[in-house]
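Fold and contact review
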Amino acid sequence: MHFLFVAPEICPPFTEGRKRFVADLTAELAVGHRVDLLTSQPTTQRDTLSPPATAPCCRHPAACLLRPLAALPSRLSGGRPDVVCQFPYGTFTGVRRFANTLFMRAVDTYCRAKGIPCVTVLYSIEGSLSPAAIARHVSCLALSQRPDWQGYRVDIGLGFDQWPPRPKRAAGPLRILFLAGMWQRRAERLDHVLEVRGLRHILQAGEELSSHGFQATAASPLFEYPELRERVLSEPSNKWPAGTLTLLGTAPVPDVYYHADLFLFPYSSPILHFVPTSVLEAMAAGTPTVLADHPFLRTLAGVGEIAFFFDPSKQGDLERAVLAAARDPERLSLVASTAQKHVTKEWSLRRSAQQLLEVASAVRRRHGASPSL
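Quick look at the structure, then. (Residues numbered from 1 in each chain as written. Predicted model: local features only at pLDDT ≥ 70, side-chain atom pairs only at ≥ 80, totals over all residues. Heavy atoms only, no water.)

1. A short note on the pairing of strand β14 (residues 262–265)
What counts is decided by this rule: The rule is simple: take the accessible area with a 1.4 Å probe, protein chains only, and divide by the maximum for that residue type; under 20% is buried, over 50% is exposed, in between is partly exposed. Numbered from the N terminus, helices here are DSSP runs of H or I no shorter than four residues, and strands are runs of E no shorter than two. Strand pairing is assigned whenever DSSP identifies at least 2 bridges connecting the two strands.
The alternating pattern of β14 places Leu262 and Leu264 on one face and Phe263 and Phe265 on the opposite face, and all of these are buried. As defined by bridge partners, strand β11 (residues 174–179) adjoins β14 across 2 bridges and the pair is classed as parallel. The residue of β14 that forms the bridge with Ile176 is Leu262. Bridge analysis of β14 against strand β16 (residues 289–292) gives 3 bridges, and the strand direction is parallel. Bridge pairing in β16 links Phe263 to Thr289.

2. Regarding the sheet that holds strand β7 (residues 118–121)
We apply this condition: Note on contacts: a residue pair qualifies if any of its non-hydrogen atoms lie within 4.5 Å across the two residues. Between N-to-C directions, angles cover 0 to 180 degrees, with each direction set by a line fitted to C-alpha atoms, over the stretch in contact for helices.
An order of β2-β1-β5-β7-β9-β10 is seen for the 6 strands of this open sheet, with the pairing classed as parallel. What marks the edges here is a single partner per strand, and that holds for β2 (34–38) and β10 (152–153). Pairing of strand β1 (residues 2–6) with strand β5 (residues 83–86) involves 4 bridges; the strand directions are parallel. Among the inter-strand pairings, Phe5 is bridged to a residue of β5, identified as Cys85. Of the strands in this sheet, β1, β2 and β7 are in contact with helix α1 (residues 17–29), which crosses β1 at around 170°. Most of the contacts of helix α3 (residues 94–114) go to β5, to which it runs at about 180°, and overall it touches β1, β5 and β7.

3. Some thoughts on the packing of helix α2 (residues 63–77) against α3
Using the following cut-off: Small angles under 35 degrees read as roughly parallel and large ones over 145 as roughly antiparallel, with 65 to 115 read as roughly perpendicular and the rest as oblique. Gly falls in the polar group here, along with every residue not listed as nonpolar (Ala, Val, Leu, Ile, Met, Phe, Trp, Tyr, Cys, Pro) or charged (Asp, Glu, Lys, Arg).
Packing of α2 against α3 leaves a shortest axis separation of 10 Å and a crossing angle of 10°. Relative to α3, the element α2 is oriented roughly parallel. Contacts between α2 and α3 involve Leu65, Leu69, Leu72, Pro73, Leu76 and Ser77 from the former and Ala99, Asn100, Phe103, Ala106, Val107, Tyr110, Cys111 and Lys114 from the latter. When its residues are assigned to classes, the contact of α2 with α3 shows 11 nonpolar, 2 polar and 1 charged.

4. Looking at α2
Each α-helix turn comprises 3.6 residues. Residues three or four places apart therefore point the same way. To be explicit about the condition: Helix span is expected to be 1.5 Å times the residue number reduced by one.
With 15 residues, α2 should cover 21 Å at 1.5 Å per step; its first-to-last C-alpha distance of 22 Å lies within 8% of that length. Residues of α2 that are buried: Ala63, Cys64, Leu65, Pro68, Leu69, Leu72, Arg75 and Leu76. Where α2 is buried, its residues touch β1, β2, β4 (57–58), β5 and α3. Positive phi shows up at Gly79, right after α2, with a value of about 65°.

5. Quick notes on the sheet that holds strand β6 (residues 91–92)
Across the sheet, which stays open at both edges, the 3 strands sit in the order β6-β8-β15 with mixed pairing between neighbours. Of all the strands in the sheet, the pair left with one neighbour each is β6 and β15 (273–274). In this sheet, strand β8 (residues 124–127) lies alongside β6 in parallel orientation, the contact comprising 2 bridges. Looking at β8, one finds that Phe92 is bridged to Gly127.

6. What about the state of the cysteines?
Worth spelling out the cut-off: Whenever a pair of cysteine sulfur atoms sits within 2.5 Å, that pair is classed as a disulfide.
Following the criterion strictly, the structure yields 0 disulfides and no others. Just so you know, Cys11 is unpaired, no disulfide at all, and the nearest cysteine sulfur is the one on Cys64, 7.3 Å from it. Its relative accessible area of 0% is what places Cys11 among the buried residues. Sulfur of Cys118: no disulfide; nearest cysteine sulfur belongs to Cys111 and is 4.1 Å away. By relative accessible area, Cys118 is classed as buried at 4%.

7. Topic: the packing of aromatic side chains
What counts is decided by this rule: Only rings of Phe, Tyr and Trp enter the pairing, Trp through its six-membered ring, and a pair is recorded when the two centres are within 6.5 Å. The plane angle decides the type: under 30 degrees is stacked, over 60 is edge-to-face, the rest tilted. Geometrically, a lysine NZ or arginine CZ counts as sitting over a ring once it is within 6 Å of the ring centre and also within 35 degrees of the ring normal.
One pass over the full model with this rule turns up 11 aromatic pairs. Relative to Phe274, the ring of Phe265 has its centre 6.3 Å away and its plane inclined at 55°; by these criteria the two rings are tilted. Pair check on accessibility: Phe265 and Phe274 agree, each one buried. Ring centres of Phe274 and Phe296 lie 5.9 Å apart, and the angle between their planes is 25°; on these two criteria the pair is classed as stacked. In this pair, Phe274 sits in strand β15 while Phe296 sits in helix α11 (residues 295–300), placing the two residues 22 residues apart along the sequence. Classification of Phe274 by relative accessible area gives buried; the value is 11%. Ring pairing ties together the aromatic residues Tyr123, Phe265, Tyr267, Phe274 and Phe296, which thus form one cluster. Over the face of the ring belonging to Phe309 we find Arg298, whose NZ or CZ atom lies 3.8 Å from the ring centre.

As structure tokens, then:
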């Protein structure tokens, strides 16, 4: 089958979940199928993408949406694909709600005009638009598993088949881990990591957790920039004593999880739909997770006890959850093992590719084309 993937900003660094998923899924499907990628990249990147892609450089963030749209009609006419799959941004708040909605509708409209099926795969939904409301804007919407969604399903899988075995834990202090994939060198992005992704919760927990022998690692491409590293370390809310908090830039997967005793995902506010890649990676690596207690994370962990939870609205509850987990090694091991088995079975990249093939065949049948895989 010939796929055309349309997805803005699929370019290095591949630290954000949507980027990683599209790039990995492209490579997975390219074994046995033709997959072309139409994307965009900021002028600061100028990277050669693998697999090769049409990726015009953009000076303004809006151009990352507009330039792929401008290139789409010619891509549909020349080398006509069997199916177009678009992977739009998932932010539907403020002006981004209108921009991202218009992008989805435009891609879908171009495809309908050419008689080519179009599948819209959403990695996340941030904002007030429900899946049902978004589905009204496109021909075919696919989401990862959620209890209230009865439409097409494409889970956000991981390519962990080639990961080496988890090494035996080395002696040393207990270490907690926080990851965020944001990479743009802007204060606004660091604010997002602190306030929304919840790094501030971990900074505030430093005095209590360090007194029980914990050390912390926080990794984000933002921390490759000295001024942003210094801002985190000098935050008044940072209670970690000197030498107990390590800031890393881009961290290798899965090694960064193998070196941690607990992975923390302290997301501060609820989001409608989100399957965090870092949480799945930690679980697949056998690292126990401590998650903020939000419905979107409860849904992910709704198959038994595969995570520990804390209430991000209660001061000190993160520390309580971390210490409770550490004090019960038997339960800690059981939770990690249960989560690892669940994720490796249900959230593999190979399974995602098969799901997308099945959705593509279904929409092609609706258009009267051959359903061949």
